[in-house]
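# Structure at a glance
Residue-level listing of the chains:
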Amino acid sequence: MNLVKTNPKLFFPSVMDEFFKPDFMGGVQSFSNTVPAVNIKETETDFTIELASPGLKREDFKIELDENILSISSERKLETEDKNENGKYTRKEFSFSSFKRSFTLPETIKEEDITANYENGVLQISLPKREEALPKPKRFIEIG
């Protein structure tokens, strides 16, 4: 007879891992899929925000700027339906998804020149820096 010793501390995490697997309850996806991933890149002249959002259209986005807070949001409804010969539903499925991401912008951003572009599933927002925030060219000082 073999005895297997179980560690009660290890039991709870394994149950939770099983519960949150993607195929639990018929395909529930992980919670991280509800909010798009974001990359923020800084160069000498601007910041760029890239938001990964495949499957959306340009019209699905709403971008707002209010008192140095940049908000990006989207709402999307999807409906599919199957009808039989009599016009009655045999199945009707609909889903609703939305997200909102907000970013506090530094005061060095030139708000009136902010632009956005959506291409290949990536929303790209360009945030140019004000003139006074740009790096100054190197200057030589003569010794008198």
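Presented here is a report on the structure given in the accompanying data block. Since we're looking at a predicted model, the values are computed, not measured. For every chain, the first residue of the written sequence is number 1, and numbering continues from 1 along that sequence. Given that this is a predicted model, residues contribute local features only at a pLDDT of at least 70 and side-chain atom pairs are listed and counted only at 80 or more, while totals for whole chains, interfaces and linings are drawn from all residues. Note: side-chain values were computed over all heavy atoms of the structure, leaving out hydrogens and water.

## As for the overall build of the chain
The criterion, for reference: For helices the rule is a DSSP run of H or I covering at least 4 residues; for strands it is a run of E covering at least 2, with both sets numbered from the N terminus onward. Exposure categories follow from relative accessible area, calculated using a 1.4 Å probe and restricted to protein chains: below 20% of the type maximum is buried, above 50% is exposed, and the middle band is partly exposed. Using the Shrake-Rupley algorithm and a 1.4 Å probe, accessible areas are obtained, with residue cover drawn only from the displayed protein chains.
The helix and strand inventory of the chain stands at one helix and seven strands. For the chain, the succession of helices and strands along the chain, N to C, is α-β-β-β-β-β-β-β. Taken across its 144 residues, the chain has 18% of its residues classed as buried. On the chain, roughly 12,200 Å² of surface is accessible, and the fraction owed to carbon and sulfur atoms is 53%.

## Section: the environment of Lys 62
Definition in use: Note on contacts: a residue pair qualifies if any of its non-hydrogen atoms lie within 4.5 Å across the two residues.
The topology assignment puts Lys 62 in strand β3 (residues 61-66). Taking the C-alpha atoms as reference, Lys 62 lies 9.2 Å from Lys 100; in sequence the two are 38 residues apart. In contact with Lys 62, not counting residues within four places along its chain, are Ser 71, Ile 72 and Ser 73.

## Thoughts on the sheet that holds strand β7 (residues 122-128)
The test is simple: Here, strands pair whenever DSSP counts at least two bridges between them. Orientation is described by lines fitted to C-alpha atoms, with helices fitted over the stretch in contact, and by angles between N-to-C directions that extend from 0 to 180 degrees.
In spatial order, the strands read β1-β2-β7-β6; together these four strands make up an open sheet with antiparallel pairing. For this open sheet the edge positions go to β1 (38-42) and β6 (115-119), each flanked by a neighbour on one side alone. Within the sheet, the average angular offset between the axes of one strand and its neighbour, ignoring direction, is 15°.

## What about the side chain of Asp 46?
Worth spelling out the cut-off: Counting rule for charge: Lys and Arg are taken as positive, Asp and Glu as negative, and neither His nor the chain ends is counted. Basic side-chain nitrogens of Lys or Arg form a salt bridge, by our definition, when they fall within 4 Å of a carboxyl oxygen of Asp or Glu. Whenever two N or O atoms come within 3.5 Å, that pair is a polar contact, provided that in protein one can donate a hydrogen and the other can accept it, and provided that, for residues adjacent in sequence, both atoms are side-chain atoms.
Within the fold, Asp 46 resides in strand β2 (residues 46-52). There is no salt bridge for the buried Asp 46, and the closest opposite charge comes from Lys 129, which lies 7.1 Å off by N-O distance. Among the polar contacts listed, one links the side chain of Asp 46 to the side chain of Thr 43, at a separation of 2.5 Å. Of the polar contacts made by the side chain of Asp 46, one reaches the side chain of Ser 126; its length is 3.4 Å. Residue contacts for Asp 46: discarding those within four places in its chain leaves Lys 41, Ser 126, Leu 127, Pro 128 and Lys 129.

## Details of the nonpolar core
Spelled out, the test is: Only buried residues count toward a nonpolar core, which is a set of Ala, Val, Leu, Ile, Met, Phe, Trp, Tyr and Cys residues joined through side-chain atoms within 4.5 Å.
By size, the foremost hydrophobic cluster in this structure holds 15 residues, and its most contacted members are Phe 61, Ile 72, Leu 123, Ile 125 and Leu 127. Elements with a contribution of two residues or more to this core: β2, β4 (69-83), β5 (89-104) and β7. Apart from the residues within four sequence positions on either side, Leu 127 is in contact with Asp 46, Phe 47, Ile 49, Leu 70, Leu 105, Ile 109 and Ile 114.

## Observations regarding the packing of aromatic side chains
Selection rule: A pair of aromatic rings is counted whenever rings of Phe, Tyr or Trp (Trp by its six-membered ring) have centres within 6.5 Å, and the orientation is called stacked for planes under 30 degrees apart, edge-to-face for over 60 and tilted otherwise.
Here the structure, examined in full by the defined rule, presents one aromatic pair. An angle of 55° between the planes, with centres 5.1 Å apart, marks the rings of Phe 61 and Tyr 118 as tilted. Placement of the pair is Phe 61 in strand β3 and Tyr 118 in strand β6, with a sequence separation of 57 residues. Assessed through its relative accessible area of 11%, Tyr 118 is described here as buried.

## Examining the pattern of salt bridges
When the charged atoms of two side chains lie near each other, side chains of opposite charge can form a pair. Enumeration according to the criterion identifies three salt bridges in this entry. Linking Lys 110 and Asp 113 is a salt bridge whose minimum nitrogen-to-oxygen distance equals 3.3 Å. Taking the relative accessible area as the measure of exposure, Lys 110 reaches 31% and is therefore partly exposed.

Shape descriptors only; they carry no functional weight alone.
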